[in-house]
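Each chain, letter by letter, is given below.
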Amino acid sequence: MKKVLIGGILLFTGSLISLAIILAAALYVPSITAWSGSKLWYAIFGAKQYQDEVVQSLSLGFPFIVGVILSAVDGLNRSVFRSV
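Keep in mind that this is a model prediction, so the values were computed, not measured. (Residues numbered from 1 in each chain as written. Predicted model: local features only at pLDDT ≥ 70, side-chain atom pairs only at ≥ 80, totals over all residues. Heavy atoms only, no water.)

Colleague: Kindly report on the side chain of glutamine 56, identifying the contributing residues and their values.
Modeller: Secondary-structure assignment places glutamine 56 in the loop between α2 (39–45) and α3 (61–82). Residue classification places glutamine 56 among the buried residues on the basis of a relative accessible area of 15%. Reaching out from glutamine 56, the side chain makes a polar contact with the backbone nitrogen of alanine 34 at a distance of 3.1 Å. If we skip the residues at most four places from it in the chain, glutamine 56 touches Tyr28, Ile32, Thr33, Ala34 and Tyr42. (Helix = DSSP H or I, 4+ residues; strand = E, 2+ residues; numbered from the N terminus. Buried < 20%, exposed > 50% of the residue type's maximum accessible area, 1.4 Å probe, protein only. Polar contact = N/O pair within 3.5 Å; in protein donor to acceptor, adjacent residues only side chain to side chain. Contact = heavy atoms within 4.5 Å.)

In structure tokens form, the structure reads like this:
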């Protein structure tokens, strides 16, 4: 029961973090005037800034990756510990 609870909490928090960042980026995308690549991924991760260029990214790459890792850890936890 404890493993199920821990896995559920990891999955919930990871999904909540990732989806909140995607939603924030999707709402921010229409106000971006200059980008490289996909607007959504540019809003989340950003790109290298040149001299006096205005930063138009949310720079939420690290929290987004943490959320994805938390969700993946839950998936690995379920598949690995199911056989034990």
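Colleague: Before we move on, could you go through the nonpolar core and cite the residues and values that matter?
Modeller: Within the largest apolar cluster, eight residues are counted, these being Ile21, Ala25, Val29, Ile32, Tyr42, Ala43, Ile44 and Phe64. The set of elements that each furnish at least two residues to this core consists of α1 (2–28) and α2. Looking at which element gives the most residues to this core, the answer is α2, with three residues. Setting aside chain neighbours within four positions, we find valine 29 in contact with Lys39, Leu40 and Ala43. (Core = buried A, V, L, I, M, F, W, Y, C linked by side-chain atoms within 4.5 Å.)

Colleague: Explain the environment of glycine 46 to me, and be specific about the residues and the numbers.
Modeller: Inspection of the secondary structure assignment puts glycine 46 in the loop between α2 and α3. Excluding its chain neighbours within four sequence positions, the residues that come into contact with glycine 46 are Trp41 and Ser57.

Colleague: Any chance you could break down the packing of aromatic side chains for me, citing the residues and the numbers?
Modeller: On inspection of all chains with the given rule, the structure shows three aromatic pairs. Summarising the aromatic geometry, the rings of tryptophan 41 and phenylalanine 45 are spaced 6.0 Å apart at their centres and angled 35° between planes, so their arrangement reads as tilted. Of this pair, tryptophan 41 and phenylalanine 45 both sit in helix α2, four residues apart, roughly one helical turn. Under the relative-accessibility criterion, tryptophan 41 is labelled partly exposed at 41%. Pairing phenylalanine 45 with phenylalanine 64 gives two aromatic rings, centres 5.9 Å apart and planes at 90°, and the pair type is edge-to-face. A residue pair is termed long-range when its members are at least 10 positions apart, and phenylalanine 45 in helix α2 and phenylalanine 64 in helix α3 qualify at 19 residues. (Phe/Tyr/Trp six-rings, centres within 6.5 Å; stacked < 30°, edge-to-face > 60°.)

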